[in-house]
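What the coordinates show
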Amino acid sequence: APEWFKEGLPKDACLDGELWAGRGMFRRCLSIVRNSASGDLWEFVTYLVFDAPPKQNSALTYEERLEVIKLHVKPVDKAPRDGSGHQMVTGKGT
């Protein structure tokens with residue numbers, strides 16, 4: 001991923017998620033991610049955060065890890081929330 005995409009991501013927390021370019025756009029997302037010359041096409045990619053696994057063995061519950069996500073991730077209105085609890089973030093942190 002380009003540096004500008006990663007600049008909003010936390011350096012002191014692990015995040016688990018997936019890169020997403022929209023419903024039915026898996027092939028487009030894969031093409032953007034695999035092509036080192038994609039450049040500005042990364043603007044169509046969003047990082048969906050599912051979890052914040054601890055760096056070390058921890059007894060944090062999933063709900064407590066969601067609080068960690070809220071500390072590090074700014075939700076964006078780029079796509080509708082489906083009630084799954086997944087947080088969406090762009091690498092820019094906007």
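The coordinates are above.
Attention in this report is confined to the structure presented alongside it. (Residues numbered from 1 in each chain as written. Predicted model: local features only at pLDDT ≥ 70, side-chain atom pairs only at ≥ 80, totals over all residues. Heavy atoms only, no water.)

**Description of the pattern of salt bridges**
- Following the criterion strictly, the structure yields three salt bridges and no others.
- The salt bridge involving Glu3 is made with Lys6; its shortest N-O contact spans 3.1 Å. With Glu3 and Lys6 both in helix 1 (residues 3–6) and three residues apart, the pair spans about one turn of that helix.
- Close ionic contact of Arg65 with Asp51 constitutes a salt bridge, the shortest N to O distance being 2.7 Å. (Salt bridge = Lys/Arg side-chain N within 4 Å of Asp/Glu carboxyl O. Helix = DSSP H or I, 4+ residues; strand = E, 2+ residues; numbered from the N terminus.)

**A closer look at the nonpolar core**
- Core analysis: the biggest nonpolar cluster contains eleven residues, these being Phe5, Ala21, Cys29, Ile32, Trp42, Val45, Tyr47, Val49, Ala52, Ile69 and Val73.
- Elements with a contribution of two residues or more to this core: helix 2 (26–34) and strand 2 (46–51). (Core = buried A, V, L, I, M, F, W, Y, C linked by side-chain atoms within 4.5 Å. Buried < 20%, exposed > 50% of the residue type's maximum accessible area, 1.4 Å probe, protein only.)

**Some thoughts on the pairing of strand 2**
- With respect to burial, strand 2 is a largely interior element, five of its six residues being buried.
- Of the strand pairs in this sheet, strand 1 (residues 16–20) and strand 2 are connected by five bridges, and their pairing is antiparallel. Residue pairing for strand 2: Leu19 is matched across the bridge by Tyr47. (Pairing = 2+ DSSP bridges.)

**Thoughts on the packing of aromatic side chains**
- Under the criterion given, the structure shown has two aromatic pairs.
- Ring pairs connect the aromatic residues Trp4, Phe5 and Trp42, which therefore count as one cluster.
- Over the face of the ring belonging to Phe44 we find Arg28, whose NZ or CZ atom lies 4.1 Å from the ring centre. (Phe/Tyr/Trp six-rings, centres within 6.5 Å; stacked < 30°, edge-to-face > 60°. Lys NZ or Arg CZ within 6 Å of the ring centre and 35° of its normal.)

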